[in-house]
Amino acid sequence: MSETGIFYKKKENFMANPKRKHSKARRDKRRSHDALTPVQTMKCDHCGEAKLPHKVCSACGYYKGRQVLAVRITA
Ligand SMILES: [Zn+2]
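Below or above, wherever it landed, is the structure these notes cover. It should be emphasised that the depicted structure is a prediction, and the values quoted were computed from it without experimental measurement.

Brief notes about the overall build of the protein chain
For the protein chain, the helix and strand inventory stands at one helix and four strands. When the helices and strands of the protein chain are placed in sequence order, the string is α-β-β-β-β. By residue count, 3% of the 75 residues in the protein chain fall in the buried class. Within the protein chain, residue pairs in contact and separated by at least 24 positions form 0% of the contacts whose partners lie at least 6 positions apart.

A closer look at unusual backbone geometry
Of note, the phi angle at His54 is positive, near 65°, even though the residue is not glycine. Position of His54 among the secondary structure elements: in the loop between strand S2 (50–51) and strand S3 (62–63). C-beta crowding within 10 Å serves as the criterion here: with 8 such atoms nearby, His54 is assigned to the exposed category. Residue Lys64 is not a glycine yet carries a positive backbone phi of 50°. Tracing the sequence through the fold places Lys64 in the loop between S3 and strand S4 (66–67).

Basis of the calculations
- Residues numbered from 1 in each chain as written.
- Predicted model: local features only at pLDDT ≥ 70, side-chain atom pairs only at ≥ 80, totals over all residues.
- Helix = DSSP H or I, 4+ residues; strand = E, 2+ residues; numbered from the N terminus.
- Buried ≥ 20, exposed ≤ 12 C-beta atoms within 10 Å, placed from the backbone.
- Contact = placed C-beta atoms within 7 Å.

Shown next, in the form of structure tokens:
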């Protein structure tokens, strides 16, 4: 092969790369939506156990003052 002529870059040199490092402000703005919110719980009207609102109590099986689930009692 001759030394003259058009030289092409190797393919790995064509990989897209960010020109600049993102600033801390830009990073932190991106993370402004990343916070998790704690799960809301309420006390069961029947047994007082913490339960999810609008869900059957997993401890006693009650919902809106009546038994809707048979819960196995474990010692
Ligand atoms: Zn309950």
